[in-house]
Amino acid sequence: MSYKYAIITNTGKDFFTHQDRLDFSIEGYIGDVWVVGDNEKGVAWIANKNGVEKTKTEAQAIVDAKLSTSQTQWDALSEADKFNDSRPTDITLP
Amino acid sequence: MTAYNVIRGLKVKYLGSDPSNPENGEVWYNTSSNTLKIKNVLIPSGTGTWGSGGSLPAVNNGLAGAGTQTSGLVFGSRTGPQSSSAYEYDGSSWSGGGGLNNPQGNNNGAGSQSAGLSFGGGPSGSPTNKTEEYNGSSWSNVNNMGFTRTLAAGSGTQISAVVATGYSNGTRAQTYDGTNWSTISNVGSPRYSVGAAGDSDSAFVMFGGYISGANKTLTEEWNGTAWSEQNDMNNARQLYSGGCGTQSVALAAGGGPDSNKVESYNGTSWSNENNLATARRSGAAGSQSGTASFFAGGRNGGTDQSITEEFTTPLSLGVGTISTV
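Calculation notes
- Residues numbered from 1 in each chain as written.
- Chains lettered and ligands numbered in written order.
- Predicted model: local features only at pLDDT ≥ 70, side-chain atom pairs only at ≥ 80, totals over all residues.
- Heavy atoms only, no water.
- Helix = DSSP H or I, 4+ residues; strand = E, 2+ residues; numbered from the N terminus.
- Rg over C-alpha atoms; globule rule 2.2 N^0.38 Å.
- Contact = heavy atoms within 4.5 Å.
- Lys, Arg positive; Asp, Glu negative; His and termini not counted.
- Charge placed at Lys NZ, Arg CZ, Asp CG, Glu CD.
- Domains from an automatic or database assignment.
- Pairing = 2+ DSSP bridges.
- Axes fitted to C-alpha atoms, helices over the stretch in contact; angles between N-to-C directions.
- Phe/Tyr/Trp six-rings, centres within 6.5 Å; stacked < 30°, edge-to-face > 60°.
- Buried < 20%, exposed > 50% of the residue type's maximum accessible area, 1.4 Å probe, protein only.
- Salt bridge = Lys/Arg side-chain N within 4 Å of Asp/Glu carboxyl O.
- Patch = residues over 30% accessible without salt bridge, like charges linked within 9 Å, V, L, I, M, F, W, Y side chains within 5 Å.
- Areas by Shrake-Rupley, 256 points an atom, 1.4 Å probe, with all protein chains shown as cover.
- Buried area = accessible area lost by both parts, 1.4 Å probe.
- Polar contact = N/O pair within 3.5 Å; in protein donor to acceptor, adjacent residues only side chain to side chain.
- Nonpolar A, V, L, I, M, F, W, Y, C, P; charged D, E, K, R; others polar.
- Core = buried A, V, L, I, M, F, W, Y, C linked by side-chain atoms within 4.5 Å.

What chain B contains, in helices and strands, is one helix and 32 strands. For a compact globule of 325 residues, the expected C-alpha radius of gyration is about 20 Å, and chain B comes in at 19 Å, within 12% of that figure. The C-alpha extent of chain B, read off along each of the three principal axes, is 60 × 40 × 40 Å. A separation of at least 24 residues holds for 51% of the contacts in chain B among residues at least 6 apart in sequence. Positive and negative side-chain charges in chain B, numbering 16 and 20 respectively, have mean positions lying 4 Å apart.

This is the structure we're talking about:
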């Protein structure tokens, strides 16, 4: 399956619908990165949401930067606080 | 008392197997599966999907949930310090609810938007046994659990709930009758960050979890008398607050490490459902329905979230289970 990559802010209710989920794949990541199935309806959804398209490399870089910040913050936590949440793991976009 | 066969014109039959062509509304007891069944009620039919819901007013992680997709409630949080915040959902947007008396994150939730229950929670160093009841506008402190615990498995109603295991309680479990917590027999496998579903203190299922460095697929049911091991989940996950529904129609959403996996349980086995759009752990699922629920907040990639997704399973008329024994 091929994908489109875009930066879109989740606006809440009906940002995507149940029908959207049936029509194309949608996956959200940190940094407002959305990975959308590359078909006619997926492309139209990105346009309708005023999404800013990125290449896969660009989108991965945005996620990596956010993740690096989170991992640095986690590393600085006390041992007690670390119990409550495991270290953010690396994310590889599809 | 009016007999069922008088008001409906049919007797409840005891049968070794389901009848081949039951009438609509016919009720029978299946002695092989020990289930009371009825023909032509709405039952899950097909795979459920997620749509986006209204976002929480703030990012939250480690919060508890109650209610349904159109009448939901979340409360507590461990975003920043332990929080007393509560929010009510109407199927479109979240509004502020009455705050907990005791700020808690990683607490458990049960009940409805107008009759909610919060129990346990807190950081690992100081888990709590505090219990509070919600009346739709404010929380009241009630009798505490017999043991402190956080990241436990909990579900039920405000007057009939179960809590089990959690940190650092090993295998201990208790039931709540609306007034007091009572100790019941221990679960089989100790763990914490466990998902749960159930609508009473005699019909409860707990699943997933984490212990000794490993995520779990284990499923255990409580029938009011004893715990029994059931078929494992398909995906090992830490499912704190990610379970909802009943013992026979349960849902497990998201979980840790950051997961978008969703599975449904029919009282016997687990099936994969469509994934969440955004993988998250420690978000809150509504407690009451496994077919029309929500999953709000949580944590993804080390970042707390405010997003809500709504789960809907298509329903069709069929043979439903009324209760199990």
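Read on, since the account is not over.
Right, let's talk about the domain arrangement of chain B for a bit. Assigned domains of chain B: these are domain 1 (4-44) and domain 2 (49-315). Here the C-alpha centre of domain 2 of chain B lies 32 Å away from the C-alpha centre of domain 1 of chain B.

Residue and element names in this part refer to chain B. Read across the open sheet, the four strands follow the order E5-E6-E7-E8; overall the sheet is antiparallel. Looking along the sheet, the strands with just one partner apiece sit at the ends: strand E5 (64-67) and strand E8 (94-96). In this sheet, adjacent strand axes meet at a mean angle of 25° when their direction is disregarded.

The next point concerns the packing of aromatic side chains. All chains considered together, the criterion is met by 21 aromatic pairs over all chains. Seen in terms of ring centroids, Tyr167(B) and Tyr192(B) are 5.3 Å apart; in terms of plane orientation they differ by 80°. Their pairing is edge-to-face. A residue pair is termed long-range when its members are at least 10 positions apart, and Tyr167(B) in the loop between strand E14 (160-164) and strand E15 (173-176) and Tyr192(B) in the loop between strand E16 (181-184) and strand E17 (195-200) qualify at 25 residues. Among the residues examined, Tyr167(B) registers a relative accessible area of 26% and is labelled partly exposed. Using a relative accessible area of 15% as the deciding quantity, one classes Tyr192(B) as buried. Feature note: the residues Phe15(A), Phe16(A), Phe24(A), Trp34(A) and Trp45(A) constitute an aromatic cluster, connected by ring pairs.

All names here are of chain B. For glutamate 221, the location among the structural elements is in strand E21 (residues 219-222). Despite its burial, glutamate 221 pairs with no opposite charge; the closest candidate is arginine 191, at 11 Å N-O. With sequence-adjacent residues up to four places away left out, glutamate 221 is seen in contact with Phe204, Val205, Ala226, Trp227, Ser228, Gln230, Gln247, Tyr265 and Gly267.

All names here are of chain B. Reading across from one edge, E17-E18-E21-E22 is the order of the four strands in this open sheet, with antiparallel pairing throughout. Edge strands, defined here as strands with exactly one partner in the open sheet, are E17 and strand E22 (227-230). When strand polarity is set aside, the average angle formed by the axes of neighbouring strands in this sheet is 15°. As defined by bridge partners, E21 adjoins E22 across four bridges and the pair is classed as antiparallel. Looking at E22, one finds that glutamate 220 is bridged to glutamate 229.

Now for the pairing of strand E4 (residues 49-53) of chain B. Residue and element names in this part refer to chain B. With five of five residues buried, E4 lies mostly within the body of the structure. Across five bridges, the pairing between E4 and strand E31 (residues 308-312) is antiparallel. Of the residues in E31, the one forming a bridge with tryptophan 50 is phenylalanine 311.

Before going further, it helps to spend a moment on a nonpolar patch on the surface. Residue and element names in this part refer to chain B. On the surface, a cluster of nonpolar side chains totalling about 310 Å² of accessible area is made up of Leu42, Leu315 and Leu317. Among the structural elements, leucine 317 can be located in strand E32 (residues 315-324). On the basis of relative accessibility, which here comes to 55%, the residue leucine 317 falls in the exposed class.

This brings us to the interface of chain B and chain A. Counting from both sides, the interface comprises 35 residues of chain B and, opposite them, 25 residues of chain A. Both faces considered, chain B and chain A share a buried interface measuring about 2300 Å² in area, 46% of it formed by carbon and sulfur atoms. Among the residues of chain B in contact with chain A, Ser52(B), Ala277(B) and Arg281(B) are the three that bury the most area, contributing 24% of the side total. The salt bridge involving Glu309(B) is made with Arg21(A); its shortest N-O contact spans 3.9 Å. Our enumeration of links across chain B and chain A arrives at 13 residue pairs in polar contact (both at pLDDT 80 or more). Of all the elements in the fold, those that place two or more residues in the side of chain B that touches chain A are E4, strand E29 (299-300) and E31 of chain B. Of the residues assigned to the side of chain B that touches chain A, the class counts are eleven nonpolar, 19 polar and five charged.

As a further point, take the nonpolar core. Residue and element names in this part refer to chain B. In terms of nonpolar packing, the biggest core is built from twelve residues, these being Ala153, Val162, Ala164, Ala173, Ile184, Val187, Val194, Ala196, Phe204, Met206, Trp222 and Trp227. Of all the secondary structure elements, the ones that give two or more residues to this core are E14 and strand E18 (203-207). Discounting residues that sit within four places of it in the chain, valine 162 has contacts with Phe119, Ala153, Gly154, Ser155, Gln174, Thr175, Ser200, Asp201, Phe204, Trp222 and Trp227.

Let's shift gears to the pairing of strand E24 (residues 250-253) of chain B. All names here are of chain B. Alternating positions in E24 separate into two faces, Ala250 and Ala252 on one and Leu251 and Ala253 on the other, with burial throughout. With three bridges connecting them, strand E23 (residues 243-245) and E24 associate as antiparallel partners. Following the sheet pairing, cysteine 244 is matched in E24 by leucine 251. Connecting E23 to the next strand, E24, in antiparallel fashion are four residues. Both E24 and strand E25 (residues 262-265) contribute to a ladder of four bridges, which runs antiparallel. Bridging from a neighbouring strand, leucine 251 pairs with serine 264 of E25.

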